[in-house]
Amino acid sequence: GWEPKVGDKVMGVTRFGGYTTSLAVDRVVCRPLPPGWTFEEGAAFLCTGLTAWHGLVSLGNLSKGHTVLVHSAAGGVGLAALDIIEAFEGVSIA
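Note that this is a predicted model, so its numbers are computed, not measured. (Residues numbered from 1 in each chain as written. Predicted model: local features only at pLDDT ≥ 70, side-chain atom pairs only at ≥ 80, totals over all residues. Heavy atoms only, no water.)

**Remarks on the nonpolar core**
Counted only if it meets this: Only buried residues count toward a nonpolar core, which is a set of Ala, Val, Leu, Ile, Met, Phe, Trp, Tyr and Cys residues joined through side-chain atoms within 4.5 Å. Partly exposed describes any residue whose relative accessible area lies between the buried limit of under 20% and the exposed limit of over 50%, with all areas from a 1.4 Å probe on protein chains only and scaled to the type maximum. Here a strand is any run of E in DSSP of at least two residues, a helix any run of H or I of at least four, and the numbering for each starts at the N terminus. Throughout, a contact is declared for two residues whenever any of their heavy atoms are within 4.5 Å.
Counting 11 residues, the largest nonpolar core is built from Ala 52, Leu 56, Val 57, Leu 62, Val 68, Val 70, Ala 73, Ala 80, Ala 81, Ile 84 and Ile 85. Per element, the largest residue contribution to this core is four residues, and it comes from helix 2 (residues 76-87). The residues touching Ala 73, leaving out its near neighbours within four places in the chain, are Gly 78, Leu 79, Leu 82 and Ala 94.

Put into structure tokens, the structure is as follows:
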């Protein structure tokens, strides 16, 4: 697996204290920042993607072929939800 090194650009998650300019987190909650991405893009991706995943998969038990109504599909979480539903070969109503 991937191991971060000093100086690597990473994106990571935290449960609390994320509204800051710097933060120390465990390496297990970090992933490499994709080439060409800004830190803001990495943070936004994790925030919206993990929120949508949690709602659809963790809480909603999304499975292959499900049909899902997505409220506010034009926002960040809604757009991430559409991508996740597509990945599960589901049908989205937005």
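**Considering the pattern of salt bridges**
Heads up, the rule is: Note on definitions: salt bridges are taken to be side-chain nitrogens of Lys or Arg within 4 Å of carboxyl oxygens of Asp or Glu.
Evaluation of the coordinates by the stated rule reveals two salt bridges. With its nearest N and O atoms 3.5 Å apart, the salt bridge here joins Glu 3 to Arg 27. Here Glu 3, found in the segment before strand 1 (10-12), pairs with Arg 27, found in the loop between strand 1 and strand 2 (30-32); they are 24 residues apart in sequence, far enough to count as distant. Taking relative accessible area as the criterion, Arg 27 reaches 53% and is therefore assigned exposed. Among the ionic pairs, Lys 64 bridges to Glu 89, the shortest N-O distance being 3.3 Å.

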